[in-house]
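Letter by letter, the chains look like this.
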Amino acid sequence: MSKDSVAEHPRATATPADAGDAGYSKDLKHRHVNMIAIGGAIGTGLFLGAGGRLHTAGPALALAYLVCGVFAFFVVRALGELVLYRPSSGSFVSYAREFLGEKGAYVAGWMYFLNWSTTGIADITAIALYTHYWSFFTPIPQWVLALIALAVVLTVNLISVKIFGEMEFWFAIVKVATLVAFMLIGIFLLATQHKVDGATPGLSVISDHGGLLPHGAMPVVLVMQGVIFAYAALELVGVAAGETAEPEKVVPRAVNSIMWRVALFYVGSVVLLALLLPGSVYSGDESPFVTVLSKIGVPAAGDVMNLVVLTAAMSSLNSGLYSTGRILRSMAMAGSAPKFTRVMSRSQVPYGGILLTCAVCVLGVGLNYLVPSKAFEIVLNVASLGIVSTWVIIMICHLIFVRRARAGLVDRPSFRLPGSPVTEIATIAFLMACLGLMWNDPEVGRKTLLLLPLIAVLLVGGWFAVRRRVTEQSAEAPALTR
């Protein structure tokens, strides 16, 4: 490459900083980021959602978790490579700005905000419902419990990133310890042939109840979209990397460990569940782990698992406020988000963006009385639109990054996504197919897809409202090379 081309492309010699990265502390340790990765991989999608999916799809659900887990790993691996190239608290929004321009960053950021704000509404409602499980809390109105939960998690996020990391660390410990304990119990039941619900566990439970596909292959295919939602939040590793002192050491370990965690916790748990009880016994109204433990007479199984699912919902809300605060600040520094979301507290927390997400969640508390169950499911499906768009944008950014690296304009780190560009294209195609599958669900999925034109109109209208400010901001600060 000639000297002129190097001068023309400053990225070849120096990596510019994102304006949104200034002012953060580097207080997240290796154990925090590691557990944030685990916490992102394990949530209510497994603890609660696996029951209804087992009932619908049967034992082949384990294959659905495995397939989706592989593509989720590709996304996180691609993001991990981008993080090592240039750590940023703006994460994929910052990379979208560099490789897709301000419009790409704008779409990425607001779709991610849509994801977490709607997930937040679901989380606080779920927390209130789970709390009502215990009779002591029954007299307290649901909206009061939802507000208390929101206030607690908001306070934790506003104090410091170290407190957030510590809280997420212990949330993850609870989830992992519960899964390990259940898997040990399940393995013991299989090894000793201890009867579960009057039947002997093992392969016969599968073969005697329709095999791997008791309802055919289509339910397994249709359940993929829900499984993708179960893996949401894996991309938190990229956001957290901007607030750790040694991302080059921390990120590769955290990303690489995601694959075996997915295989062990998700696929392993579902295989055990399928070997212990027929899929028809499980229900979407109860955690599958509670179903098994109650069938073998474990005392207080419902109380313990309800506490764990409550923890998972609190963890999700905690992560949502954390990540949107950082993402919105990155956008605000470029002019595509409200100015107040760029402000930082003395403890180096971007509280403006956190409060904006919190405000949407409060709106959700008010809607609790008005939203029927089907519309509430649509809220979760809207969140999955945000997840799919985020993951697709990450893969598109990585494609462009690799193309520039091959042209000698940027340097790829040694930690790389294997199989590029086939890996990115296959992942994008898979995610778009999962989105298309929602059309086969006329009750919820189809209605959600029909919201896409409305979301597109809002995004276009919003862009015209902020583009002048974006232009002014880019004129004031050096822009990332497009």
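The rules we used
Residues numbered from 1 in each chain as written. Predicted model: local features only at pLDDT ≥ 70, side-chain atom pairs only at ≥ 80, totals over all residues. Heavy atoms only, no water. Helix = DSSP H or I, 4+ residues; strand = E, 2+ residues; numbered from the N terminus. Contact = heavy atoms within 4.5 Å. Core = buried A, V, L, I, M, F, W, Y, C linked by side-chain atoms within 4.5 Å. Buried < 20%, exposed > 50% of the residue type's maximum accessible area, 1.4 Å probe, protein only. Phe/Tyr/Trp six-rings, centres within 6.5 Å; stacked < 30°, edge-to-face > 60°. pLDDT = per-residue confidence, 0-100. Salt bridge = Lys/Arg side-chain N within 4 Å of Asp/Glu carboxyl O.

Quick word on the side chain of S117
(1) Moving on: Looking at the secondary structure, you find S117 in helix α7 (residues 102-131).
(2) Moving on: Ignoring sequence-local partners within four residues, the contact set of S117 consists of T357, V360 and C361.

Describing the nonpolar core
(1) Moving on: Core analysis: the biggest nonpolar cluster contains 152 residues, and F47, L61, Y65, W110, I228 and Y231 have the highest contact counts within it.
(2) Moving on: When sequence neighbours within four positions are dropped, the list of residues in contact with I228 reads C68, I387, V388, W391, F430, L431 and C434.

Details of the environment of L154
(1) Moving on: Inspection of the secondary structure puts L154 in helix α8 (residues 142-159).
(2) Moving on: As a C-alpha pair, L154 and N318 span 164 residues in sequence and 7.6 Å in three-dimensional space.
(3) Moving on: Setting aside its immediate chain neighbours within four residues, L154 contacts L321, I354, L355 and C358.

Observations regarding the packing of aromatic side chains
(1) Moving on: Here the structure, examined in full by the defined rule, presents 17 aromatic pairs.
(2) Moving on: An angle of 85 degrees between the planes, with centres 5.4 Å apart, marks the rings of W110 and F113 as edge-to-face. You can see W110 and its partner F113 sitting in helix α7, three residues apart, about one turn around the helix. Here the two residues W110 and F113 agree in accessibility, since each one is buried.
(3) Moving on: Each residue in the set F71, F73, F74 and F430 is aromatic and connected to the rest through ring pairs, giving one cluster.

Thoughts on the confidence of the model for the protein
(1) Moving on: Here the protein averages 82 in pLDDT, and 90% of its residues register 70 or above.
(2) Moving on: Throughout residues 1-16 the model reports pLDDT below 50, and contacts reaching past four residues in sequence, or to other chains, amount to 23 contacts.

Concerning the pattern of salt bridges
Opposite charge on two side chains permits pairing when their charged atoms draw close.
(1) Moving on: Under the counting rule described, the total for this entry stands at four salt bridges.
(2) Moving on: Among the ionic pairs, E81 bridges to R412, the shortest N-O distance being 2.6 Å. Placement of the pair is E81 in helix α5 (residues 61-85) and R412 in the loop between α18 (373-406) and α19 (422-437), with a sequence separation of 331 residues. Across this residue pair, the class does not change: E81 and R412 are buried.
(3) Moving on: Across the salt bridge formed by D197 and K295, the nearest N and O atoms sit 4.0 Å from each other. Highlighted residues: D197 in the loop between α9 (161-192) and α10 (203-207) and K295 in helix α15 (residues 288-295), separated in sequence by 98 residues.
(4) Moving on: On the basis of relative accessible area, D197 is assigned to the partly exposed category, the value being 43%.

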